Amino acid sequence: MEIYLDANATTPVLPQAKAAAIQAMVEDYGNPSSIHSTGLKARALIDGVRARAQRLLDTGAGQLLFVSGATEGIQTAVLSALHALRARREAGQAIGSQLLYGATEHKAVPEALKHWNAVLGLNLAIRAIPVDTQGRHDLEFLQREAPEAGLVCTMAANNETGVISDLTDIEAALNASGSSAFWMVDGVQALGKLVLRLSQTRIDYAPFSGHKLYAPKGIGLLYVRAGAPFTPLMAGGGQEGALRSGTENMSGIAALGAVLEALEDKEGKTFRSHAEMSGFRTRLAAALEQAFPGLVYNAPLAQSLPTTLNFSVPGLSSRLLQDLFDAADVRVSGGSACSAAKAAPSFVLQAMGLPDWQAAGAVRLSIGPAVDEAFITEACARIEACGESLRRNCMSPSDNLPTVGQGVSRFMLEGACCYVLADAASQRCVLIDPQPEQVSRLAQVLRCQNYPVTAVLSSDGAAAHGEARALLAAELPDLLAASAEVDALGWPLTQTELELGAKRLRRQLLEGGGQALLLSEGGQGQACCLAFVAPQHAQALGEQIGAQTLIAPPSDEAQLLASNVALERGEAVAASLLQLSGTQLQQFVDAHPDALLIDVREPYEQFLSQTPELAGVALQAMPLSRFLNAIPGWLAEQRPLLFFCRSGNRSRQAAQALARLGHSQAWTLSGGLALLPDAPVRAAAADPALLV
């Protein structure tokens, strides 16, 4: 069962909205511009939905248009205001010198301002209204600057933080300034959550989007105050009173009407009250605080929508937290869905002046007013399970359980690779190429496994590695003593090799500086099985390593994971990457009974998630961070391997790495578990394309 906690991005369609949309498509399919009975029936439907929306929003004499969504509404509002400003300028009237928007507005607003300002040739300055650390607008700035503004854009409630704008105080600041600026208020997150009486304000434009409140995507509303200037964004057949041409989206309007009807029905209990939603949020917040010690909220709950929690956890990235929740079938986001795919700190939190780690590590949890008690109970249980997973895998800010360190683990930071070599038998470990930014995470791992650190080594003598070594010594004095008995590369001056149980680590100094670190099984004279060195230096090692010895690079921006001398010399040919879809999974297993399915997700994800239920399949968990440990065995065995992860990105890396190293039957599950059918069905006959 999926627990969907990303309602600020979009919501599922309400059952009665789905029914209304289907009826509009199947039965009430008339064109509302037609004058026959079928068309008149469609027109009556539109008029009824509009009247209901007008009552709920208290639009008074203002107009309410059906649009495709908030973006179209914003574009139309900005075009209308700026077109009127240009007409005033051409008539010799003063229009001010700038356009103002809230610094935490959705990107659709400043982008619309930039676009139409240029297209209409106004060339006005576009300035952000600052906000304080609680996300509230700087009213002094607004009152001071509003007289020179032609248009002011704010929002009723923020989509990332849920912070509710004080529209009353904003209006008071505009009035006190004597400003005649037009005022647009983004009402998207307010619909169904806040009481809006638009006719009782000086708001000129207010866009709304249906899919944020259980209607389908592609339908929205735009309020235009009586007397506010209006310029159609879309011209054509003259629909919507010639204000928005194009045949109306009848199914979307019908669905939105069903949602508004449920919103208006106080006895139907489709939607929870503000007090009930506040209670639900309190329970979710308690579960989060239990799961993630040290959690901080990025906006004050008392000033936010009861549907939204925006938080950060010290030491845990936003992406890691999102992967963690996703493994538990809990859907959250890092902020605005429009920006979620971009690995960048939240501009909303940056505008609020929050520390960089909070802006970069933020997660947004949001619910809709249709959730019920059972949903919240299950959501809290899943959140608590996420915390348990972190504690079991030494990733919680506190209360971690002891762990066993064994083999090679890789930690990545913007393409740079840090390796931890651990041996459970001797209870020793070695670090290679740590970065200062990784010290907290590495220290946490080392505390959990409680192994003394034999050495902290650098492959090239970078100053950052030395800084990380000093920071680790200060943070872990019981496991790593600061010592002057090492050279600039961190190598102990009195030792020629470092023992890690049955393994030995020795080094080869490189011409021009730096060192190659060579790991071998057994004592002196044993062949190197793994070389920590930049691939371009591998050939200089001569007979120290063989052509097939794995090379673990200090930098891996291309995400190759590993290489070998034969590849670097051009003596080996990579095999082809093989891919299959989720619908072919059982078919693949039938065609390859000896295949091994390998889960490359991290242990904290594997703890929470179920793997596909397939008959007669062998499964292995091998996180991508520990991939180097398994590569030699897989290459020697050459059995069919199918790698999978959540989205298919990491499994593709894994399969490509094996194919590049010469494995001829390395497959990736395209799209990962996210695109896997709910119940894979055994195929009657295997697809010949899979029989390779």
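Preceding this paragraph is the structure being described.
Residues numbered from 1 in each chain as written. Predicted model: local features only at pLDDT ≥ 70, side-chain atom pairs only at ≥ 80, totals over all residues. Heavy atoms only, no water.

Visitor: Any details on the environment of R331? Residues and values, ideally.
Guide: Assignment of secondary structure puts R331 in strand β11 (residues 330–331). The sequence separation of R331 and L365 amounts to 34 residues, and the corresponding C-alpha distance is 8.3 Å. Beyond its immediate chain neighbours, meaning those up to four positions away, R331 contacts E2, I3, Y4, L5, D6 and D326. (Helix = DSSP H or I, 4+ residues; strand = E, 2+ residues; numbered from the N terminus. Contact = heavy atoms within 4.5 Å.)

Visitor: Talk me through helix α4 (residues 108–119); I want residue IDs and the actual numbers.
Guide: Helix length check: α4, at twelve residues, gives a terminal C-alpha distance of 16 Å against a target of 16 Å (1.5 Å per residue), a fit within 8%. The inward-facing, buried residues of α4 contact α3 (70–90), β3 (98–102), β4 (125–129), β5 (149–155) and β6 (182–186). Downstream of α4 by a residue or two, G121 has a phi angle that is positive, lying close to 70°. (Expected span 1.5 Å × (residues − 1).)

Visitor: Kindly report on helix α9 (residues 274–291), identifying the contributing residues and their values.
Guide: Relative to the 26 Å expected for 18 residues at 1.5 Å per residue, α9 spans 26 Å between its end C-alpha atoms, a close match to the ideal helical length. Along α9, the positions that sit buried rather than exposed are M277, F280, R281, L284, A285, A287, L288 and A291. Buried residues of α9, seen end-on, are gathered within an arc of 160° and therefore sit on one face of the element. Of the residues in α9, the exposed ones pointing more than 90 degrees away from the buried face are A275, T282 and Q290. In this structure, the buried side of α9 is in contact with β9 (296–297), β10 (308–312), α10 (318–327), β12 (363–366) and α13 (373–392). (Buried < 20%, exposed > 50% of the residue type's maximum accessible area, 1.4 Å probe, protein only. Arc of directions from axis to C-beta.)

Visitor: Hey, could you go over the sheet that holds strand β17 (residues 497–500) for me, with residue numbers and the actual values?
Guide: Spatially, the six strands line up as an open sheet ordered β17-β18-β19-β20-β21-β22, and their pairing is mixed. Edge strands, defined here as strands with exactly one partner in the open sheet, are β17 and β22 (563–564). With four bridges connecting them, strand β19 (residues 515–521) and strand β20 (residues 528–532) associate as antiparallel partners. Counted as the bridge partner of S520 is C528 from β20. (Pairing = 2+ DSSP bridges.)

Visitor: Which residues make up the nonpolar core, and what values go with them?
Guide: Counting 48 residues, the largest nonpolar core has F66, L142, V152, W183, F208 and V259 as the members making the most contacts within it. With residues up to four places along the chain from it excluded, the contact list for L142 reads L100, I129, V152, I170, A173 and L174. Counting 40 residues, the second-largest nonpolar core is a separate cluster that includes A552, A562, L624 and A654. (Core = buried A, V, L, I, M, F, W, Y, C linked by side-chain atoms within 4.5 Å.)

Visitor: Provide a residue-level description of the sheet that holds strand β13 (residues 407–413), including the pertinent values.
Guide: Spatially, β13-β14-β15-β16 is the arrangement adopted by the four strands of the open sheet, whose pairing is mixed. Two strands in the sheet have a free side with no partner beyond their single neighbour: β13 and β16 (453–457). When strand polarity is set aside, the average angle formed by the axes of neighbouring strands in this sheet is 15°. Along the sheet, helix α14 (residues 439–449) makes contact with β13, β14 (416–423), β15 (428–432) and β16, crossing β15 at roughly 170°. (Axes fitted to C-alpha atoms, helices over the stretch in contact; angles between N-to-C directions.)

Visitor: Please give an account of the pattern of salt bridges that cites residues and values.
Guide: Applying the stated criterion across every chain, the model contains 33 salt bridges. Here R55 makes a salt bridge to E264, at a shortest N to O gap of 2.8 Å. On the criterion of sequence distance, the pair formed by R55 in helix α2 (residues 37–57) and E264 in helix α8 (residues 250–264) is long-range, its members being 209 residues apart. Across the pair R127 and E145 runs a salt bridge whose closest N-O atoms are separated by 3.0 Å. Of this pair, R127 sits in strand β4 while E145 is found in helix α5 (residues 139–145), placing the two residues 18 residues apart along the sequence. Each of the salt bridges in this network shares a partner with another, and the network as a whole consists of E2, R319, D323, D326, D329, R331 and R646. (Salt bridge = Lys/Arg side-chain N within 4 Å of Asp/Glu carboxyl O.)

Visitor: An account of the pairing of β10 is requested, with residue identities and associated values reported.
Guide: Counted residue by residue, β10 has five buried out of five residues, so it is predominantly covered. The alternating pattern of β10 places T308, N310 and S312 on one face and L309 and F311 on the opposite face, and all of these are buried. With two bridges connecting them, β9 and β10 associate as antiparallel partners. What sits directly across from V296, in β10, is S312. As paired elements, β10 and β12 share four bridges and run antiparallel to each other. Across the sheet, residue L309 finds its bridge partner in β12, namely L365.

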